[in-house]
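# Close look at the chain arrangement
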Amino acid sequence: MSRLPFEDYLRHLRDESARFRAVLADCDPAGPVPTCPAWDVGDLLWHLTEVQRFWAAVVAQRPAAPSEEEGSGERPRSFDELLAAFDGASASLAAALETADPTDSAWTWAEEQTVGFIMRRQALEALVHRLDAEVAAGVEQFSEIDALLAADGVDEVLDVMYGGCPPWGTFSPLPHFLRVDLIDVDQEVWVQFGHFDGTDPDGVEHHQDDIHVVTDPGEEPDAVVSGTAAVMLARLWRRGPGDDIHLAGDLAIVDRFRSAIHHPIE
């Protein structure tokens, strides 16, 4: 799969952030966010405010790593002040990215250390939390999700969020593959199964099933999971039921896939 043009990420970041803000502005600040059970609406708004403020600072001071206090601030007390804080953070992030070269070096928590990674991650971050906002608002169906952005998000969530390997661990591949077919954009993501082993910096040992995104191995997959890009993305982020996703092949492999992506992400 090829990534989107960087100007598309920036456009989606602005559009998704604006939709997120518009939806939450009409919500009860103390209302629940079913897709993030620990948060209320105010918490969700403050979360994306802090995220966008943090990454605006990272881009502005690239390539230096952020300080521990970077992007943090005192949470406003009123909902109107929360909305204003989000407006400022969102504008700062968009402005910082608009004037940056995507190939510039910049600190990230991932293996890829570029402004372009931040552009992509933050466009998808805003999209996923826009879905949270719509769930909190009680909408019956998500508003339109750009199919190409969603397809790119499927690749990212499997490759970066679920499939990344920290430097303190190792991935041992197994000869089993699952293919994710995104039927509305004619794209696919191949996943190889394996086992992760390692000891984290806190001394905790980890031994678990794992996955890595790989190029087409030139053989038939053990299983295929197919659906539209938007439905697949929402399901992988646990923001949708996935009722329209089709399963084929060895269902034991599908179960292993479910197990490998079982841990929550926000």
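Residues numbered from 1 in each chain as written. Predicted model: local features only at pLDDT ≥ 70, side-chain atom pairs only at ≥ 80, totals over all residues. Heavy atoms only, no water.

Of all hydrophobic cores here, the largest spans 72 residues; its most connected members are L97, V154, L158, L178, I211 and F257. Dropping the residues within four chain positions of it, L178 is found in contact with V189, W190, V191, F193, A223, V225, I253, V254 and F257. (Core = buried A, V, L, I, M, F, W, Y, C linked by side-chain atoms within 4.5 Å. Buried < 20%, exposed > 50% of the residue type's maximum accessible area, 1.4 Å probe, protein only. Contact = heavy atoms within 4.5 Å.)

Turning our eyes to something else, we now look at the environment of H206. Its location among the elements puts H206 in strand β3 (residues 205-214). On the accessibility criterion, H206 (23% relative accessible area) is partly exposed. Sequence separation between H206 and G169 is 37 residues; the distance between their C-alpha atoms is 8.3 Å. Every residue in contact with H206, bar those within four places of it in the chain, is listed here: W168, F196, D197, G198 and D200. A distance of 2.9 Å separates the side chain of H206 from the side chain of D200, its partner in a polar contact. (Helix = DSSP H or I, 4+ residues; strand = E, 2+ residues; numbered from the N terminus. Polar contact = N/O pair within 3.5 Å; in protein donor to acceptor, adjacent residues only side chain to side chain.)

Under the counting rule described, the total for this entry stands at 17 salt bridges. Across the salt bridge formed by R3 and E112, the nearest N and O atoms sit 3.0 Å from each other. Residue R3 is located in the segment before α1 (6-25), and its partner E112 is located in the loop between α3 (79-98) and α4 (115-137); the two are separated by 109 residues in the primary sequence. In this structure, the salt-bridge partner of R11 is D8, at a minimum N-O distance of 3.5 Å. On the criterion of helical spacing, the pair formed by R11 and D8 is a turn pair, its members being three residues apart in helix α1. (Salt bridge = Lys/Arg side-chain N within 4 Å of Asp/Glu carboxyl O.)

Here helix α2 (residues 41-60) spans 29 Å end to end across 20 residues, near enough to the 28 Å set by a 1.5 Å rise per residue. In terms of residue burial, α2 counts as a mostly covered element, since 16 of its 20 residues are buried. For α2, the N-terminal capping position is held by D40, with its side-chain oxygen 3.1 Å away from the main-chain nitrogen of G42. (Expected span 1.5 Å × (residues − 1).)

Running from N to C, α2 and α3 cross one another at 30°; their axes reach a closest spacing of 8 Å. By the criterion of interaxial angle, the relationship of α2 to α3 is roughly parallel. Crossing of α2 against α3: the hand is left-handed. When α2 is examined against α3, the residues V41, G42, L45, W46, L48, T49, Q52, R53, W55, A56 and V59 are found in contact with a partner set consisting of F79, L82, L83, A85, F86, A89, S90, S92, L93, A96 and L97. (Axes fitted to C-alpha atoms, helices over the stretch in contact; angles between N-to-C directions. Parallel < 35°, antiparallel > 145°, perpendicular 65-115°, else oblique. Left-handed = near helix turned anticlockwise from the far one by under 90°.)

Before going further, it helps to examine the packing of aromatic side chains. As enumerated under the stated definition, the model contains eight aromatic pairs in all. Between W109 and F117 the ring centres are 5.5 Å apart and the planes differ by 85°, which places this aromatic pair in the edge-to-face class. Since its relative accessible area comes to 3%, F117 is described here as buried. With 5.5 Å between their ring centres and 80° between their planes, W168 and F196 make a pair best called edge-to-face. Of this pair, W168 sits in the loop between α5 (147-162) and β1 (169-182) while F196 sits in strand β2 (residues 187-199), placing them 28 residues apart in sequence. On the basis of relative accessibility, which here comes to 31%, the residue W168 falls in the partly exposed class. (Phe/Tyr/Trp six-rings, centres within 6.5 Å; stacked < 30°, edge-to-face > 60°.)

So, on to the sheet that holds β3. Strand order in the open sheet formed by five strands is β3-β2-β1-β4-β5, and the pairing between neighbours is mixed. In the strand order of this sheet, the two ends are held by β3 and β5 (246-249), each with one partner. The sheet shows a mean angle of 30° between the axes of neighbouring strands, taken without regard to direction. Seen against the sheet, helix α7 (residues 251-260) touches β1, β2, β3, β4 (223-227) and β5 and runs at an angle of roughly 115° to β1. (Pairing = 2+ DSSP bridges.)

Another aspect to go through is unusual backbone geometry. Backbone torsion omega between R62 and P63 reads 0°, so that peptide bond is classified as cis. By the secondary structure assignment, P63 is in the loop between α2 and α3. Although it is not a glycine, R238 sits at a positive phi angle of roughly 60°. Its relative accessible area of 34% is what places R238 among the partly exposed residues.

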